[in-house]
Amino acid sequence: MKTKAVRLYGKQDIRLEEFDLPPRKDDEILARVVSDSLCMSSYKAVTQGADHKRVPNDIAENPVMIGHEFCGEILEVGPKWRHQFTPGQKFSIQPALNYKGTLDAPGYSYPHIGGNATHIIIPNEVMEMGCLLPYEGEDFFGGSLAEPLSCVIGSYHAMYHTTPGSYVHHMGIQEGGNMAILAGVGPMGLAAIDYIIHCDRRPNTLVVTDIDDARLALAAIRLSPAEAAKNGVTLTYLNTAKVTDPVAALMELTDGTGYDDVLVFAPVVALVEQADQILGKDGCLNFFAGPSDPSFTARMNFYNVHYASTHIVGTSGGNTDDLVEALDMLGKGLLNPANLITHIGGLDSVVDATLNLPNIPGGKKLVYNEVTMPLTAIADFEKLGETDPFFKELHTITEKTGGLWSAEAEQYLLAELVGK
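Anyway, here's the lowdown on the structure attached to this text. (Residues numbered from 1 in each chain as written. Predicted model: local features only at pLDDT ≥ 70, side-chain atom pairs only at ≥ 80, totals over all residues. Heavy atoms only, no water.)

Some remarks on the nonpolar core
Proteins that are soluble and globular tend to have nonpolar side chains buried together.
Argument step 1. Formed by 69 residues in total, the largest nonpolar core has its most connected members in Ile181, Leu206, Ile344, Tyr368, Trp405 and Leu413.
Argument step 2. Membership of the second largest hydrophobic core comes to 26 residues, among which are Ala31, Phe91, Ile113 and Ile121. (Core = buried A, V, L, I, M, F, W, Y, C linked by side-chain atoms within 4.5 Å. Buried < 20%, exposed > 50% of the residue type's maximum accessible area, 1.4 Å probe, protein only.)

If you want it as structure tokens, here you go:
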């Protein structure tokens, strides 16, 4: 079977190509990929090439498919897996396989499986590790966004707190405590807010910071303090660029006691040090933002480490349990992945978009592999619709959901563009 896919050949060298997939083996699954959301991790892999820990050394001769936040439909199932999977099933994938201790992952390491492709061969190890997961949503984009959602879910599960007088650590955030999410209104920050106000273990106080009024205002609309209050969380959005002393302003919102849990969503030295300064007793700092600079460092108050039991963790992706939780919450309508999406495009837009991802404003860029369409901001649908009936209808549909992407918008796009 032929496939179209974006493949990585070397640093900054990705190409959209059409080629034949090999015959499916008895322990493999053939599938079509409908949607993929572009991730900064793919940008890092593309810029680092074979120097990336997950990318093989021989990509110049054996290129790999990129993209790891994808959702699709199973087409053929090899005999080994017919007891568990059937053609027609929608699926999502946990790319962090941890197979036999390797870092190999779909979207980084394999020639025939990745999110930026029309058709893929899912290798045996994905199923062996329980990483091929059914998706029950009416759309495909929710299955794509389940992977980034699992990353923030994992960050919360990785937090921990100590027990006075013992060496027992309790995993998870401090329920009913104070939490801050710094630089928290980017796409992953929005996912973190959505999860923590709708999951079963919540803080009483949640403060989310940024330095951009427009982004903060949009976040307050999509994930409002009123919605948080329904779930017992007092949510405050704070522009730290507009206060003289950000640390003092943040501490004031906890009556001076500090924060039990602080998540940092941007690799900025000043932000990490700010997070350290607002930790309360037994406070846990999660450095979520992955820096590109391997020498990235920041100061930490070790007096507080010793006397106040403050501590730090870092997470880089979720595990399969986190993805299962994300899919379950999506299926129950507890999370809205559309909050993260700001741009829509086709497979033809992936090369340029991935190479320039840090310079494209907004949140998640969602790609539909079976269509040809330039990467387009949802906010631009209205203007484009003045001359193009396709975008006019997309604007009409997304206007119903306050400018958010939706299952109806996806169905219209696929009906209009697939095969054209």
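Things to note about helix H14 (residues 407–417)
Argument step 1. Residues of H14 that are buried: Ala407, Ala409, Glu410, Tyr412, Leu413, Leu414 and Leu417.
Argument step 2. Where the residues of H14 are buried, they touch strand S3 (29–38), helix H3 (141–158), strand S17 (341–346), strand S18 (364–368) and helix H13 (389–399). (Helix = DSSP H or I, 4+ residues; strand = E, 2+ residues; numbered from the N terminus. Contact = heavy atoms within 4.5 Å.)

Focus on the environment of isoleucine 120
Argument step 1. Mapped onto the secondary structure, isoleucine 120 falls in strand S7 (residues 119–122).
Argument step 2. Along the backbone, isoleucine 120 and proline 22 are 98 residues apart, and their C-alpha atoms lie at a distance of 9.8 Å.
Argument step 3. Apart from the residues within four sequence positions on either side, isoleucine 120 is in contact with Leu21, Ile29, Leu30, Ala31, Val33, Met65, Phe70, Phe91, His112, Ile113 and Gly114.

Structural notes on the packing of H3 against helix H10 (residues 320–331)
Pairs of packed helices are described in terms of their axes, by the angle between the two and the distance that separates them.
Argument step 1. Interaxial distance between H3 and H10 falls to 7 Å at its minimum, and their mutual angle equals 120 degrees. It follows that H3 is oblique to H10 by the angle criterion. Of the two elements, H3 crosses H10, and the hand of that crossing is right-handed. Every residue of H10 that contacts H3 at Gly142, Ala146, Glu147, Leu149, Ser150, Ile153, Gly154 and His157 is listed here: Asp322, Leu323, Glu325, Ala326, Leu327 and Leu330. (Axes fitted to C-alpha atoms, helices over the stretch in contact; angles between N-to-C directions. Parallel < 35°, antiparallel > 145°, perpendicular 65-115°, else oblique. Left-handed = near helix turned anticlockwise from the far one by under 90°.)

Observations regarding the environment of aspartate 27
Argument step 1. Within the secondary structure layout, aspartate 27 lies in the loop between strand S2 (13–20) and S3.
Argument step 2. Once the C-alpha coordinates of aspartate 27 and proline 79 are considered, the two residues, 52 residues apart in sequence, prove to be 6.6 Å apart.
Argument step 3. Every residue in contact with aspartate 27, bar those within four places of it in the chain, is listed here: Lys80, Trp81, Pro123, Asn124 and Met127.

What about H10?
Argument step 1. The terminal C-alpha atoms of H10 lie 16 Å apart, and with 12 residues this matches the ideal 16 Å at 1.5 Å per residue to within 8%.
Argument step 2. Three or more residues of H10 are buried, namely Thr320, Asp322, Leu323, Ala326, Leu327, Met329 and Leu330.
Argument step 3. Where H10 begins, the side chain of asparagine 319 points an oxygen toward the backbone nitrogen of aspartate 321, at a separation of 3.0 Å.
Argument step 4. The positive-phi residue at the C-terminal boundary of H10 is glycine 333, with phi of around 75 degrees. (Expected span 1.5 Å × (residues − 1). Polar contact = N/O pair within 3.5 Å; in protein donor to acceptor, adjacent residues only side chain to side chain.)

Digging into the sheet that holds strand S12 (residues 205–210)
Argument step 1. Across the sheet, which stays open at both edges, the six strands sit in the order S13-S12-S11-S14-S15-S16 with parallel pairing between neighbours. The open sheet has two edge strands with one neighbour each: strand S13 (234–239) and strand S16 (311–314). Put simply, the sheet's adjacent strands are angled 20 degrees from each other on average, direction ignored.
Argument step 2. The pairing of strand S14 (residues 259–264) with strand S15 (residues 279–287) spans five bridges and is parallel. Counterpart to leucine 263 in the pairing with S15 is asparagine 286.
Argument step 3. Strand contacts of helix H5 (residues 213–222): S12 and S13, with the helix running at about 165 degrees to S13, the strand carrying the most contacts.
Argument step 4. Seen against the sheet, helix H8 (residues 269–277) touches strand S11 (178–182), S14 and S15 and runs at an angle of roughly 155 degrees to S15. (Pairing = 2+ DSSP bridges.)

Remarks on the sheet that holds strand S1 (residues 2–10)
Argument step 1. The three strands are arranged S2-S1-S4 in an open sheet whose pairing can be described as antiparallel. Since the sheet does not close on itself, it has two edges, and those belong to S2 and strand S4 (64–65), each with one partner.
Argument step 2. Bridge count between S1 and S2: eight bridges; the pairing is antiparallel. Within S2, the position partnered with arginine 7 by the bridge is arginine 15.

Examining the packing of aromatic side chains
Argument step 1. All chains considered together, the criterion is met by 10 aromatic pairs.
Argument step 2. Residues phenylalanine 287 and phenylalanine 296 carry aromatic rings whose centres are separated by 5.6 Å and whose planes lie at 10 degrees to one another, so their mutual orientation is stacked.
Argument step 3. Taking the relative accessible area as the measure of exposure, phenylalanine 287 reaches 17% and is therefore buried.
Argument step 4. Here phenylalanine 390 and phenylalanine 391 contribute two aromatic rings whose centre-to-centre distance is 5.1 Å and whose plane-to-plane angle is 70 degrees, an arrangement assigned as edge-to-face.
Argument step 5. Residue classification places phenylalanine 391 among the buried residues on the basis of a relative accessible area of 9%.
Argument step 6. Chaining the aromatic ring pairs together yields one cluster made of Tyr368, Phe381, Phe390, Phe391, Trp405 and Tyr412.
Argument step 7. Positioned over the ring face of tyrosine 9 is arginine 15, at 3.7 Å from the centre of the ring.
Argument step 8. Above the plane of the ring of phenylalanine 140 lies lysine 90, whose end atom (NZ or CZ) is 4.5 Å from the centre. (Phe/Tyr/Trp six-rings, centres within 6.5 Å; stacked < 30°, edge-to-face > 60°. Lys NZ or Arg CZ within 6 Å of the ring centre and 35° of its normal.)

Observations concerning unusual backbone geometry
Argument step 1. Unlike most non-glycine residues, lysine 100 shows phi in positive territory, near 55 degrees.
Argument step 2. Tracing the backbone through its elements, the reader meets lysine 100 in the loop between strand S6 (90–93) and S7.
Argument step 3. Owing to a relative accessible area of 71%, lysine 100 belongs among the exposed residues under this scheme.
Argument step 4. Positive phi, close to 60 degrees, is recorded for serine 309, a residue that is not glycine.
Argument step 5. Relative to the helices and strands, serine 309 is located in the loop between helix H9 (302–307) and S16.
Argument step 6. Judged by its relative accessible area of 29%, serine 309 is partly exposed.

Re the pattern of salt bridges
Argument step 1. According to the stated counting rule, one finds 17 salt bridges in the structure shown.
Argument step 2. In this structure, lysine 383 and glutamate 386 form a salt bridge, with 3.5 Å as the shortest nitrogen-oxygen distance.
Argument step 3. On the basis of relative accessibility, which here comes to 58%, the residue glutamate 386 falls in the exposed class.
Argument step 4. Between glutamate 408 and lysine 400 there is a salt bridge, with the nearest N and O atoms lying 3.0 Å from each other. (Salt bridge = Lys/Arg side-chain N within 4 Å of Asp/Glu carboxyl O.)

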